[in-house]
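# Tertiary structure, described
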Amino acid sequence: MAIKVTHFSGLFYSGRVEGAGINTVEKIIGFLASVFMALLLLNLPLHAQGWEWPEKPENIQVLSKDITGARLGFPMRGFTRALGVRCTYCHVGEEGKPLSTYDFPSDENPNKERAREMLRMLGSINDHLNKIEPSGDQRVNMWCHTCHRGVARPITLSAQLKETYRTEGLDASLTQYSELKEKYYGKGAYQFGEGALNELGYEVLKKENPEGAVKVFKLNSKEYPESGNVWDSLADGYMQAGDKKNAKKYYRKSLKFSPNNQNAKDMLKKLGEKE
Ligand code: HEC
Ligand code: HEC
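Residues numbered from 1 in each chain as written. Chains lettered and ligands numbered in written order. Predicted model: local features only at pLDDT ≥ 70, side-chain atom pairs only at ≥ 80, totals over all residues.

With that settled, the discussion passes to the overall build of the protein. A tally of helices and strands in the protein yields 11 helices and 3 strands. Counting all 275 residues of the protein, 26% fall into the buried class. Of the contacts made within the protein by residues no fewer than 6 positions apart, 50% connect residues no fewer than 24 positions apart. (Helix = DSSP H or I, 4+ residues; strand = E, 2+ residues; numbered from the N terminus. Buried ≥ 20, exposed ≤ 12 C-beta atoms within 10 Å, placed from the backbone. Contact = placed C-beta atoms within 7 Å.)

The next thing to look at is the site of ligand 1. Looking at ligand 1, there are 26 residues lining it, with P57, N59, Q61, C87 and C90 nearest. For the shell around ligand 1, the elements supplying multiple residues, two or more each, are α2 (69–83) and α3 (110–129). Here the shell around ligand 1 gets 6 residues from one element, more than from any other, and that element is α2. Class assignment of the residues belonging to the shell around ligand 1 gives a composition of 17 nonpolar, 5 polar and 4 charged. (Near = placed C-beta within 6 Å. Nonpolar A, V, L, I, M, F, W, Y, C, P; charged D, E, K, R; others polar.)

As a structural note, the neighbourhood of ligand 2 is formed by 15 residues, with R114, A115, M118, C144 and C147 the closest of them. Broken down by secondary-structure element, the contributors of at least two residues to the shell around ligand 2 are α2, α3 and α4 (144–148). Broken down by element, the residue count for the shell around ligand 2 peaks at 6 residues, all from α3. In terms of residue class, the shell around ligand 2 is made up of 10 nonpolar, 3 polar and 2 charged.

Right, let's talk about unusual backbone geometry for a bit. Even without being a glycine, R149 presents a positive backbone phi close to 50°. Structurally, the position occupied by R149 is in the loop between α4 and α5 (157–168). The phi angle at E208 is positive, at roughly 55°, despite the residue not being glycine.

Looking now at the nonpolar core. Within the largest apolar cluster, 27 residues are counted, with the highest numbers of intra-cluster contacts made by L200, V204, L234, A235, Y238, Y250 and Y251. At the level of elements, α5, α6 (170–184), α7 (195–206), α8 (210–223), α9 (228–241), α10 (244–257) and α11 (262–270) are the ones that each hand at least two residues to this core. Looking at this core, the element that brings in the most residues is α9, giving 6 residues. Residues A82, W143, C144 and V151 belong to the second largest nonpolar core, which totals 6 residues. (Core = buried A, V, L, I, M, F, W, Y, C linked by C-beta atoms within 7 Å.)

With that out of the way, let us pick up α7. Helix length check: α7, at 12 residues, gives a terminal C-alpha distance of 16 Å against a target of 16 Å (1.5 Å per residue), a fit within 8%. Buried within α7 we find A196, L197, N198, L200, G201, E203, V204 and L205. Looking at the buried side of α7, the elements it contacts are α5, α6, α8 and α9. Just downstream of α7, E208 is the residue with a positive phi angle, here 55°. (Expected span 1.5 Å × (residues − 1).)

When pLDDT is averaged along the protein, the result is 86; 81% of the residues meet or exceed 70. Across residues 4–41, where pLDDT falls below 50, the model places 72 contacts with residues more than four positions away in sequence or in other chains. (pLDDT = per-residue confidence, 0-100.)

Turning our attention to the packing of α8 against α9. Contact pair α8 / α9: the axes reach a minimum separation of 8 Å and the direction vectors enclose 160°. Of the possible angle classes, the one that applies to α8 and α9 is roughly antiparallel. By crossing handedness, the relation of α8 to α9 is classed as left-handed. Residues P210, E211, A213, V214, F217, K218, N220 and S221 of α8 form the contact with α9, whose own contacting residues are V230, W231, S233, L234, G237, Y238, Q240 and A241. Counted by class, the contact of α8 with α9 contains 9 nonpolar, 5 polar and 2 charged residues. (Axes fitted to C-alpha atoms, helices over the stretch in contact; angles between N-to-C directions. Parallel < 35°, antiparallel > 145°, perpendicular 65-115°, else oblique. Left-handed = near helix turned anticlockwise from the far one by under 90°.)

Along the chain, G188 falls in the loop between α6 and α7. Overall, the presence of 11 C-beta atoms within 10 Å leaves G188 in the exposed class. Sequence separation between G188 and H148 is 40 residues; the distance between their C-alpha atoms is 9.1 Å.

On to the packing of α9 against α10, then. Between α9 and α10, whose axes approach to 8 Å, the crossing angle comes to 165°. Taken together, the axes of α9 and α10 lie roughly antiparallel to each other. At the point where α9 passes α10, the crossing takes the left-handed sense. Mapping the contact onto sequence places G228, W231, D232, L234, A235, Y238 and M239 in α9 and N246, A247, Y250, Y251, K253, S254 and F257 in α10.

What follows deals with the environment of L119. Within the element layout of this structure, L119 appears in helix α3. Given 20 C-beta atoms within a 10 Å radius, L119 is considered buried.

Below, the structure written as structure tokens:
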């Protein structure tokens, strides 16, 4: 399969995918930043480092074999923006050293092969997309950014927090929450709704650590103090920790924000409270 950069129109980069198993010629679009901005922001510094895109790249396996160095710049800069990384994420080279010291044709960095497989994946995704009639005025553009949204590993916030909890423990997971929030809040990479910490809390409860779960739910109640659901979770945590007094207190608080919360009503009844 080959992905061919065909034309640049306005703010977008367009390419075509063709080859092995793919009959239709497809269009891949997606670099959401202007080509002009890219040239201004990225091309100049590269030149300033005394480095130029190779006239004839040596080791092209997925992109179109006849792609020129000048054109190669567009997907490469697109990759860095889509994943929020720099060239060294996929290439052999040392950050801070001039690009002329980098070995771009080398396949030693495993992320380069991962990126190739992603290009192949995009080819087959586009094959499938071409089989459906788009409901909007044109087909949704599918490119690295559509999934990655500025991070190298596109994973939901709750899945990331649970992974860190499993591998490094609860404190590391909570530290990560605040670091990610600091770095990415308001950007597309992660959804900072009440769901992420809530899911983490129940994962911690499942692992029979109610004190840990209370810690997570407490943090969530600071983040979302007007959510009946979040107070209900905190009450569940206290309930499992055997702290009935606090469980009652927070089921009541949950009902203040969500008067129809049946779980809170049932639990309060169970705890001996009349309606
Ligand atoms: C997400 C991974 C990724 C990032 C980030 C990335 N590249 Fe690449 N690069 C690749 C892949 C994959 C290829 C090979 C494409 C193929 O086989 O079709 C490649 C090929 C190249 C080549 C051609 C080398 C040759 O002669 O065969 C150059 C030059 C290059 N990249 C420069 C850059 C520069 C400069 C940056 C930073 C602005 C960059 N790349 C960022 C993945 C990446
Ligand atoms: C359909 C969604 C999707 C698209 C489109 C996509 N990726 Fe990915 N990518 C993923 C997922 C999911 C992972 C994580 C896989 C895992 O480790 O379980 C990933 C992982 C990667 C990784 C490895 C990151 C790491 O640190 O482990 C690289 C590199 C990468 N993608 C590059 C690209 C590039 C370049 C493009 C565009 C050509 C692209 N991806 C398009 C979903 C996507």
